[in-house]
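# Inside the fold
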Amino acid sequence: SQQGEEDPQALSIQEGENATMNCSYKTSINNLQWYRQNSGRGLVHLILIRSNEREKHSGRLRVTLDTSKKSSSLLITASRAADTASYFCATVPMNTGFQKLVFGTGTRLLVSP
Amino acid sequence: DVKVTQSSRYLVKRTGEKVFLECVQDMDHENMFWYRQDPGLGLRLIYFSYDVKMKEKGDIPEGYSVSREKKERFSLILESASTNQTSMYLCASSAGLAGGFSSYNEQFFGPGTRLTVL
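Because the structure is a prediction, the values reported are computed rather than measured.

Reading the values: the criteria
Numbering of residues starts from 1 in each chain and follows the order in which that chain's sequence is written. Each chain is given a letter, starting from A, and each ligand a number, starting from 1, according to the order in which they appear as written. Per-residue local features of the predicted model are confined to residues with pLDDT of at least 70, and side-chain atom pairs are confined, for both listing and counting, to 80 or more; whole-chain, interface and lining totals are unaffected and use all residues. To get the side-chain values, take all heavy atoms of the structure and skip hydrogens and water. Secondary structure is summarised from DSSP: a helix means a run of H or I of at least four residues, a strand means a run of E of at least two, and numbering begins at the N terminus for each. Radius of gyration here uses only the C-alpha atoms, and the compact-globule reference equals 2.2 Å multiplied by the residue count raised to the power 0.38. Think of it in three bands: residues with accessible area under 20% of the maximum for their type are buried, residues over 50% are exposed, and the middle band is partly exposed, with areas taken using a 1.4 Å probe on protein chains only. Residues are treated as being in contact if the distance between any of their heavy atoms lies within 4.5 Å. Only the protein chains shown count as cover for residues, with accessible areas throughout obtained via the Shrake-Rupley method and a probe of 1.4 Å. Pairs of strands are assigned from DSSP output, requiring at least two bridges between the strands. In this analysis, axes come from line fits to C-alpha atoms, helices being fitted only over the stretch in contact, and the angle between any two N-to-C directions falls in the range 0 to 180 degrees. We define a nonpolar core as any set of buried Ala, Val, Leu, Ile, Met, Phe, Trp, Tyr and Cys residues linked to one another through side-chain atoms lying within 4.5 Å. The term buried area refers to how much accessible surface (probe radius 1.4 Å) is lost by two components on association, counted for both of them together. When a carboxyl oxygen of Asp or Glu is within 4 Å of a side-chain nitrogen of Lys or Arg, the pair counts as a salt bridge. Pairs of N or O atoms are called polar contacts if they sit within 3.5 Å, as long as, within protein, a hydrogen donor faces a hydrogen acceptor (for residues adjacent in sequence, only side-chain-to-side-chain pairs). Amino acids are sorted into nonpolar (Ala, Val, Leu, Ile, Met, Phe, Trp, Tyr, Cys and Pro), charged (Asp, Glu, Lys and Arg) and polar (every other residue, Gly among them). Two aromatic rings, drawn from Phe, Tyr or Trp (for Trp, its six-membered ring), form a pair once their centres lie within 6.5 Å of each other, and the interplanar angle then sorts them: stacked below 30 degrees, edge-to-face above 60, tilted otherwise.

## Considering the overall build of chain B
- The helix and strand inventory of chain B stands at zero helices and 11 strands.
- Moving toward the C terminus, one meets the helices and strands of chain B in the order β-β-β-β-β-β-β-β-β-β-β.
- For 118 residues, the compact-globule formula gives about 13 Å, and the C-alpha radius of gyration of chain B, at 14 Å, lands near that figure.
- Seen through its C-alpha atoms, chain B measures out along the principal axes to roughly 45 × 25 × 25 Å.
- Per-residue burial for chain B yields a buried fraction of 47% across its 118 residues.
- A fraction of 57% describes how many contacts in chain B between residues 6 or more apart in sequence connect residues 24 or more apart.
- About 5,600 Å² of surface is accessible on chain B, with carbon and sulfur atoms providing 50% of the total.

Encoded structure:
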């Protein structure tokens with residue numbers, strides 16, 4: 001079953017602009033993670049934010065988490081053509097026994113030079 | 001760096017064939033996972049394993065089985081391949097927590113196997 005839903009499904013911007021992707025989920029979580037997938041490849045972990053954190057930074061990435069709204073956002077600043085990829089949020093739901101990741105359907109980001 | 005490798009990038013099989021997809025990780029991770037990825041459906045968990053010889057069903061285990069005889073290797077088996085199993089298959093691994101089989105940690109993915117069943 002899918003937990004996360006990303007919005008928008010697709011995003012097209014110019015190099016240098018910021019890209020914001022949103023993720024909503026349904027149940028209480030232990031943590032939320034963001035992954036990137038280049039076309040036809042495996043996923044690469046970007047950042048993890050725990051349920052007791054509100055904001056986290058990693059280089060040009062900024063992630064926020066609002067557990068009251070069950071939502072998260074990923075901001076990529078000063079985007080580059082190399083950021084073109086699909087981005088997925090994944091949650092670790094609470095109280096599900098083995099803490100498996102549940103992925104959303106992703107946002108496709110296209111950054112044009 | 002963690003490395004997760006999968007035996008094939010592309011595979012073409014015929015309906016009814018038995019198919020083996022192999023995954024190997026080199027970081028001594030306790031947990032290993034098999035997902036399939038289909039357009040519009042995201043990643044769906046097929047099976048996972050938190051220890052050698054241990055396996056748990058994920059969300060869509062029907063038509064699949066797994067084997068984990070060694071810690072570094074996790075195999076996905078399609079007993080009798082069908083056309084609806086045409087998909088991208090992704091293997092992943094993660095470190096477990098001492099004393100438990102929780103997976104709070106990031107997962108490391110292999111490059112994927114694109115399987116076509118004719």
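## Some thoughts on the sheet that holds strand 8 (residues 71–76) of chain A
Residues and elements named next belong to chain A.
- Reading across from one edge, 1-3-8-7-6 is the order of the five strands in this open sheet, with antiparallel pairing throughout. Sheet topology places strand 1 (5–7) and strand 6 (55–58) at the edges, where each strand pairs with a single neighbour. The mean angle between the axes of side-by-side strands here comes to 20°, regardless of whether they run parallel or antiparallel.

## Quick look at the nonpolar core
- Of all hydrophobic cores here, the largest spans 21 residues; its most connected members are M21, L32, W34, L74, I76, Y87 and L109 of chain A.
- Contributing elements (two or more residues each) for this core: strand 3 (19–24), strand 4 (29–37), strand 5 (43–50), strand 7 (61–66), strand 8, strand 9 (85–93) and strand 11 (107–112) of chain A.
- Among all residues touching I76 of chain A, those that are not within four sequence positions of it are E17, N18, A19, M21, R60, L61, D83, Y87 and L109 of chain A.
- Counting 20 residues, the second largest nonpolar core, distinct from the first, contains C23, M32, V66 and Y89 of chain B.

## Concerning the interface of chain B and chain A
- Between chain B and chain A, the contact holds 25 residues from the first and 23 residues from the second.
- Each partner contributes to the roughly 2,000 Å² buried at the junction of chain B and chain A, and carbon and sulfur atoms together form 55% of this total.
- Our enumeration of links across chain B and chain A arrives at zero salt bridges.
- Between the two partners, chain B and chain A, sit five residue pairs in polar contact (both at pLDDT 80 or more).
- For the side of chain B that touches chain A, the secondary structure elements donating two or more residues are strand 4 (31–38), strand 5 (42–49) and strand 9 (87–94) of chain B.
- In terms of residue class, the side of chain B that touches chain A is made up of 13 nonpolar, nine polar and three charged.

## Quick notes on the packing of aromatic side chains
- The final tally for this structure, using the stated rule, is eight aromatic pairs over all chains.
- Centroid distance Y35 of chain A to F103 of chain A: 5.5 Å. Interplanar angle 55°. Geometry classified as tilted. Of the two residues, Y35 of chain A is situated in strand 4 and F103 of chain A in strand 10 (residues 102–103); the sequence distance between them amounts to 68 residues. F103 of chain A matches Y35 of chain A in its accessibility class, with the two residues each being buried.
- An aromatic cluster is present here, built from Y35 and F103 of chain A together with F33, Y35, F48 and F109 of chain B joined pairwise through their rings.

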